[in-house]
Amino acid sequence: EAYFSGTSEGGYSSISAADSFKSMGIQPIHVMSSGAPLKVRSEAFLGFLRSLLSGNLENPLLQVLIVMLIGLPMSNTRPGVANYESGQYALAEDVTSDALSLLTSQLVPSPSLDPLAYGQYLAINYPVMFTIINTSPLDLFGPEVISLFYTAVIENDDDPCVNKYNQGIGVYDKICDALIENDLRDVVASADFNIDICHSLTDELASYNNVPDEFDPSFVTIFTIPEATHGASALFCGVRALDLISKDPFDKPKICKSDKKSKKDKKCKKKKKNKKKEKKEM
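Thresholds applied
Residues numbered from 1 in each chain as written. Predicted model: local features only at pLDDT ≥ 70, side-chain atom pairs only at ≥ 80, totals over all residues. Heavy atoms only, no water. Helix = DSSP H or I, 4+ residues; strand = E, 2+ residues; numbered from the N terminus. Expected span 1.5 Å × (residues − 1). Buried < 20%, exposed > 50% of the residue type's maximum accessible area, 1.4 Å probe, protein only. Contact = heavy atoms within 4.5 Å. Salt bridge = Lys/Arg side-chain N within 4 Å of Asp/Glu carboxyl O. Disulfide = S-S within 2.5 Å. Pairing = 2+ DSSP bridges. Axes fitted to C-alpha atoms, helices over the stretch in contact; angles between N-to-C directions.

Would you mind going over helix H3 (residues 60–71) with me for this structure?
Three- or four-residue spacings in an α-helix give side chains the same orientation, since the helix completes a turn every 3.6 residues. Between its first and last C-alpha atoms H3 spans 16 Å; for 12 residues at 1.5 Å apiece the expected length is 16 Å, and the two agree. A large share of H3 lies buried, amounting to 10 of its 12 residues. Among the residues of H3, those classed as buried are Leu-61, Leu-62, Gln-63, Val-64, Leu-65, Ile-66, Val-67, Met-68, Ile-70 and Gly-71. Packing partners of the buried residues in H3 comprise helix H1 (9–21), helix H2 (40–53), helix H4 (93–104), helix H5 (115–125) and helix H6 (127–135).

Shown next as structure tokens:
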């Protein structure tokens, strides 16, 4: 049994990890996710393009970084991903090497805590990428990705990888396969463990559109913050997570050893037998 909690990408990972751990016999008790990009197959690129085209990129360096972080594993850098060696990649080939170096470096200043230092670091160490981000950020991404999602914005298509999948066979279908396999809306919809999703209506980095529409209210709770930035909502949601944990505290696991027979083991086995008896009587 386990609890999972995280914010932003960590919020995504908390739900993904909880679902994966079930196959290992570890049952999630409660998952707390805040400001997370859960609808990867659509909102990862749609949200960014909507903001860019409408002139509402409030923090270009950070917002571009997040989309690049999502796109990097889908850019021929990770074997096993659906579009690996397919010729269909999320990032433009001429920036993939720099993106991999940047996003795996331990020396990069925090873009959220110190955006000025982050921008200076980019300008000095990745001048080509820095110029593209500030002049033509769409050039960071593969033409197939931009074409698909740009058209979706114009046509008000909220889920182009599903609605236009067949038209993209041999063009962008493998990219969509990679996005679909990393999307968590179906995990949330079929969850049989408690999930608390906390999200701000005015989140500028992971828009509120990332909150899944389909879910079982007996397992999933959506807590909406009327107005807060991505960073500020993390504080609100963090307090909420602590409150939830305090109401449903951790139980110390009772472990029975089977390799050596001891008095403790016998007591443990007796407890197990007693529990079985109690269940039968009930």
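There is more to say, and it comes next.
Can you help me understand the pattern of salt bridges in this one?
Side chains bearing opposite charge may pair, as long as their charged atoms lie close to each other. All chains considered together, the criterion is met by nine salt bridges. For the salt bridge of Asp-158 with Arg-50, the shortest nitrogen-to-oxygen distance reads 3.3 Å. One end of the pair, Asp-158, is in the loop between helix H7 (143–154) and helix H8 (160–163); the other, Arg-50, is in helix H2, with 108 residues separating them in the sequence. Note on Arg-50: relative accessible area 27%, which makes it partly exposed. As a salt-bridge pair, Arg-185 and Asp-159 come within 3.7 Å of each other at their nearest N and O atoms. In this pair, Arg-185 is assigned in helix H10 (residues 185–189) and Asp-159 in the loop between H7 and H8, connecting sequence segments 26 residues apart. Neither Arg-185 nor Asp-159 differs from the other in exposure class; each is buried. Salt bridges sharing common partners tie together Arg-41, Asp-159, Asp-183 and Arg-185.

How should the state of the cysteines be read in this particular structure?
Here a disulfide denotes a covalent bond joining the sulfur atom of one cysteine to the sulfur atom of another. Scanning all chains against the criterion turns up two disulfides. Through a disulfide, Cys-198 is tied to Cys-237; the S-S separation comes to 2.0 Å. Around the S-S axis, the bridge from Cys-198 to Cys-237 shows a dihedral of about -80° and counts as left-handed. Note that Cys-198 is positioned in strand S3 (residues 194–200) and Cys-237 in helix H11 (residues 230–247), a separation of 39 residues in sequence.

Explain the environment of Leu-205 here, please?
The residue Leu-205 is located in the loop between S3 and strand S4 (220–225) in this model. If near-sequence neighbours (up to four positions away) are discounted, Leu-205 is found in contact with Leu-62, Gln-63, Ile-66 and His-230.

What should I look at first to understand the sheet that holds strand S2 (residues 28–34) in this one?
Strand pairing within a sheet occurs via backbone hydrogen bonds; the two strands may be parallel or antiparallel. Here we have four strands laid out as an open sheet, ordered S1-S2-S3-S4, and parallel in their pairing. For this open sheet the edge positions go to strand S1 (2–7) and S4, each flanked by a neighbour on one side alone. Looking at each pair of strands side by side, their axes are set apart by 10° on average, direction ignored. On top of the sheet, H1 reaches S1, S2 and S3; it is set at about 155° to S1, its chief contact. Packing against the sheet, H11 makes contact with S1, S2, S3 and S4, and its axis sits at approximately 155° to S3.

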